[in-house]
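So you can see what is in the structure, the chains are spelled out below.
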Amino acid sequence: MTTTTADQLTASDRCDRCGAQAYVRVTLESGQLYFCAHHGRALTPAMSDIALEILDESDRLHTAAPDVR
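Note that this is a predicted model, so its numbers are computed, not measured.

Caption draft 1: Main features of the nonpolar core. Cys15, Val24, Val26, Leu28, Phe35, Cys36, Met47 and Ala51 together form the largest nonpolar core, which totals eight residues. With three residues, the top contributor of residues to this core is strand β1 (residues 24-28). For Phe35, the residues in contact, after removing those within four places along its chain, are Cys15, Arg17, Ala22, Tyr23, Val24, Val26, Gly40, Leu43, Thr44 and Met47.

Caption draft 2: The side chain of Thr44, seen in detail. With respect to the helices, strands and loops of the structure, Thr44 is situated in helix α1 (residues 37-47). Classification of Thr44 as buried rests on a relative accessible area of 13%. In this structure the side chain of Thr44 is engaged in a polar contact, spanning 2.6 Å, whose partner is the backbone oxygen of Gly40. Every residue in contact with Thr44, bar those within four places of it in the chain, is listed here: Val24, Val26, Phe35, His39 and Ile54.

What counts and what doesn't
- Residues numbered from 1 in each chain as written.
- Predicted model: local features only at pLDDT ≥ 70, side-chain atom pairs only at ≥ 80, totals over all residues.
- Heavy atoms only, no water.
- Core = buried A, V, L, I, M, F, W, Y, C linked by side-chain atoms within 4.5 Å.
- Buried < 20%, exposed > 50% of the residue type's maximum accessible area, 1.4 Å probe, protein only.
- Helix = DSSP H or I, 4+ residues; strand = E, 2+ residues; numbered from the N terminus.
- Contact = heavy atoms within 4.5 Å.
- Polar contact = N/O pair within 3.5 Å; in protein donor to acceptor, adjacent residues only side chain to side chain.

Just distances and angles here, no functional claims.
Printed below as a string of structure tokens:
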């Protein structure tokens, strides 16, 4: 499966638990859940058996920000 730009999470996607920016999207038969990196690490292992797809973009937190001077 290929992830396209439309599939990527944006700054407007918010964690369903705390409202922080979402970096993890869990797709279930009944819909999608969004989680910040913290809640994604805590909750997605329990959902891995029932999830259709888990998109984890939390590695974006560890990439260097561009130098904007």
